[in-house]
Structures are given as structure tokens and as C-alpha cells.
Amino acid sequence: MADKIYITLGTSNPHKVFEINKIANPFDIEFLPLKSDNFDPDENGETFEENAKIKAMEAAKVSGEGKYFMADDSGLCVDYLNGAPGIHSARYAETPDKRIEKLLFNLKDDKKRSAHFVCALCLTDDKGNILHTEKGIVSGKIALSKKGTNGFGYDPVFLVDGVGKTMAELSEDEKNTLSHRGQALSNMIKWIKINLN
Ligand code: ITT
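Residues numbered from 1 in each chain as written. Predicted model: local features only at pLDDT ≥ 70, side-chain atom pairs only at ≥ 80, totals over all residues. Heavy atoms only, no water.

### Digging into helix α5 (residues 180–195)
Right, so step 1: Taking 1.5 Å of rise per residue, 16 residues should cover 22 Å, and α5 covers 23 Å from first to last C-alpha, within 8% of that figure.
Right, so step 2: Buried within α5 we find His 180, Arg 181, Gly 182, Ala 184, Leu 185, Met 188, Ile 189, Trp 191 and Ile 192.
Right, so step 3: Near the N-terminus of α5, the side chain that reaches the backbone nitrogen of Arg 181, with its oxygen 3.3 Å away, is that of Ser 179. (Helix = DSSP H or I, 4+ residues; strand = E, 2+ residues; numbered from the N terminus. Expected span 1.5 Å × (residues − 1). Buried < 20%, exposed > 50% of the residue type's maximum accessible area, 1.4 Å probe, protein only. Polar contact = N/O pair within 3.5 Å; in protein donor to acceptor, adjacent residues only side chain to side chain.)

Dropping the structure here:
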């Protein structure tokens with residue numbers, strides 16, 4: 001049997017660590033939270049892909065241990081808002097509740113509500129060399145109000161196309177099967193199993 005693969009995840013968002021491990025652990029891949037107080041990436045990229053690279057390379061730089069590093073840069077893009085909050089999703093307002101309030105306010109009065117979540121993943125070695133990247137997208141609409149308590153971030157107001165529920169009404173496994181992160185990570189896992197074993 002192949003050895004388990006350990007990858008350090010460059011993130012300060014515990015929800016990402018949880019979701020990613022739920023998907024990856026059955027494949028004998030474990031993502032470890034980065035143990036460094038010096039992880040402070042300058043997310044000044046103009047795309048999700050650029051910011052994922054910046055975070056993965058920063059994790060490799062500050063970690064001091066580990067062979068492989070990965071980062072996830074993700075966010076919600078709303079068509080009526082010309083793609084906002086986009087790469088600024090985590091900083092759209094002070095708290096998750098305020099971010100949702102601001103989003104609903106900006107879409108009030110029957111605005112066009114189509115949107116999509118994006119997730120860019122970047123995997124590097126311990127020198128910060130990029131080994132592989134992946135991207136996942138899921139389409140939906142912004143609901144009129146919050147529904148559901150699972151997941152995190154904008155999940156309670158993201159109605160998944162073809163499902164008729166918000167992301168926060170789905171179980172963990174249901175979300176992971178269709179989410180932007182789930183799609184990007186499944187392809188990343190396929191690459192890892194072929195190339196890092
Ligand atoms: P790190 O940069 O430390 O990884 P972060 O939360 O700041 O953590 P991002 O810059 O990638 O990460 O911003 C992602 C934001 O996009 C996240 O905080 C949510 O507001 C939103 N988001 C991303 N994926 C989501 C998901 O699956 N469900 C709901 N909201 C999501």
C-alpha cells in the first residue's frame with residue numbers, strides 16, 4: 001500500500017482545513033494546518049489563481065517543515081456586481097453576517113441575482129516551486145434571505161443551480177460533491193495520487 005501523503009495547508013481559515021480533509025482523507029492524503037505565526041501572505045494578486053500561488057509559496061517559505069504545500073483562494077462572484085466581492089470576498093465587510101447583509105442590500109429591488117463560487121488551488125514543493133494548480137466553479141443565484149446553517153461564509157445565501165437549496169442547507173458530503181472546492185480538490189487529488197506516490 002502506498003504511504004500516506006502529508007501536505008501543509010497555507011490558510012488561516014479552519015473551515016477550509018475541515019472541508020478539504022473531509023474530501024482528501026479517504027484517499028490517504030492529510031492536509032495539516034500550517035504551524036507558523038509568520039504566515040502573513042500579501043494577497044495582492046488580481047486573480048484567484050495568483051492569490052492561491054502567493055499563499056502556497058508563502059506557506060512553503062515560513063513553514064520550516066513539510067514536503068508539500070497547498071493553498072486555496074476562493075470567493076463569490078456576483079454578475080450584477082461585475083464579479084464582486086470576488087477576490088475580496090473575505091474582506092467585503094467586517095464579519096460573515098455583515099458581508100451577507102451588504103450583499104443582500106446591494107442586490108435589493110429585484111436585481112439580477114446570478115453568481116458563482118470560484119476556488120483556485122495551488123500545490124508547491126518545499127522550495128515554493130509550483131507543482132500543480134486546479135480551479136473549480138459552481139453556479140447559482142443569491143437568495144433573497146439566509147437559509148440553512150451548514151458550511152460557512154456566503155453559503156446561507158447561495159442557491160445552487162439545479163438543486164433548489166442553499167449551500168448551507170446541504171450536508172457536508174453534498175456540498176463537497178458539487179462545490180467549487182470539491183471540484184478543484186478532486187482533480188488535485190487525482191494529480192497527487194499519480195504524481196506524488
Ligand atoms: P485564507 O486566505 O487564510 O485561506 P480566507 O477565508 O481569507 O482564508 P480567501 O481569501 O480565499 O480565504 O477568501 C475566501 C472567502 O470567500 C471566504 O472567507 C468566504 O467569505 C468566501 N468563500 C469561499 N469559499 C466559500 C464557501 O465554500 N462557502 C461560502 N463562502 C465561501
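### What to know about the site of the ligand
Right, so step 1: Within the structure, the ligand sits among 20 residues, and Thr 11, Ser 12, Lys 16, Lys 55 and Asp 155 are positioned closest to it.
Right, so step 2: Within the backbone of Phe 152, one N or O atom sits 3.5 Å away from a nitrogen atom of the ligand.
Right, so step 3: Taking 610 Å² as the accessible area of the ligand by itself, protein coverage stands at 93%.
Right, so step 4: Comparing atom positions with the cavity grids shows the ligand to sit within the largest pocket. (Near = heavy atom within 4 Å. Areas by Shrake-Rupley, 256 points an atom, 1.4 Å probe, with all protein chains shown as cover. 1 Å grid on protein atoms, 1.4 Å probe; cavity = no way out; pocket = protein on both sides within 12 Å on 5 of 7 lines; lining within 4 Å. Sits in = over half its atoms within 2 Å of the grid points.)

### Focus on the sheet that holds strand β4 (residues 114–125)
Right, so step 1: Judged by pairing direction, the sheet is mixed, and its six strands sit side by side in the order β2-β1-β3-β4-β5-β6 without closing on themselves. Edge positions in the sheet fall to β2 (29–33) and β6 (158–160), since each has one partner strand and no second. Each neighbouring strand pair of the sheet contributes to a mean axis angle of 40°, computed without reference to strand direction.
Right, so step 2: Of the strand pairs in this sheet, strand β1 (residues 5–9) and β2 are connected by five bridges, and their pairing is parallel. Its bridge partner lying in β2, Leu 9 is registered against Pro 33.
Right, so step 3: Helix α1 (residues 14–24) rests against β1, β2 and β3 (68–78) of the sheet, and its axis sits at about 165° to β2. (Pairing = 2+ DSSP bridges. Axes fitted to C-alpha atoms, helices over the stretch in contact; angles between N-to-C directions. Contact = heavy atoms within 4.5 Å.)

### Description of helix α3 (residues 96–106)
Right, so step 1: When we look at burial in α3, the residues that qualify are Arg 99, Ile 100, Leu 103 and Leu 104. Seen end-on, α3 carries its buried residues on one side only, within an arc spanning 130°. What points out from α3, more than 90 degrees from its buried face, is the exposed set Glu 101 and Phe 105.
Right, so step 2: In this structure, the buried side of α3 is in contact with β3 and β5 (130–142). (Arc of directions from axis to C-beta.)

### Observations concerning the side chain of Ser 36
Right, so step 1: Note that Ser 36 resides in the loop between β2 and α2 (48–63).
Right, so step 2: Separated by 3.0 Å, the side chain of Ser 36 and the backbone nitrogen of Asn 38 make a polar contact.

### Considering the pattern of salt bridges
Right, so step 1: All chains considered together, the criterion is met by 16 salt bridges.
Right, so step 2: Ionic pairing is found between Asp 72 and Arg 181, a salt bridge with its closest N-O pair at 2.6 Å. Note that Asp 72 is positioned in strand β3 and Arg 181 in helix α5, a separation of 109 residues in sequence.
Right, so step 3: Three or more residues joined by partner-sharing salt bridges are found here, namely Lys 16, Glu 19, Asp 72, Asp 155, Lys 175 and Arg 181. (Salt bridge = Lys/Arg side-chain N within 4 Å of Asp/Glu carboxyl O.)

### Here's the deal with unusual backbone geometry
Right, so step 1: Omega for the bond connecting Ala 84 with Pro 85 falls within 30 degrees of zero, at -5°, which places this linkage in the cis form.
Right, so step 2: Positive phi, normally seen in glycine, also occurs at Asp 28, with a value near 60°.
Right, so step 3: Mapped onto the elements, Asp 28 comes out in the loop between α1 and β2.
Right, so step 4: Phi at Asn 82 takes a positive value of approximately 55°, unusual for a residue other than glycine.
Right, so step 5: Counting through the fold element by element, Asn 82 comes out in the loop between β3 and α3.
Right, so step 6: A relative accessible area of 76% means that Asn 82 is categorised as exposed.

### Things to note about the environment of Ala 93
Right, so step 1: Looking at the secondary structure, you find Ala 93 in the loop between β3 and α3.
Right, so step 2: Taking the C-alpha atoms as reference points, Ala 93 and Leu 103, 10 residues apart in sequence, are found 9.4 Å from one another.
Right, so step 3: Excluding its chain neighbours within four sequence positions, the residues that come into contact with Ala 93 are Lys 98, Arg 99 and Lys 102.

So yeah, pure geometry; function would need other evidence.
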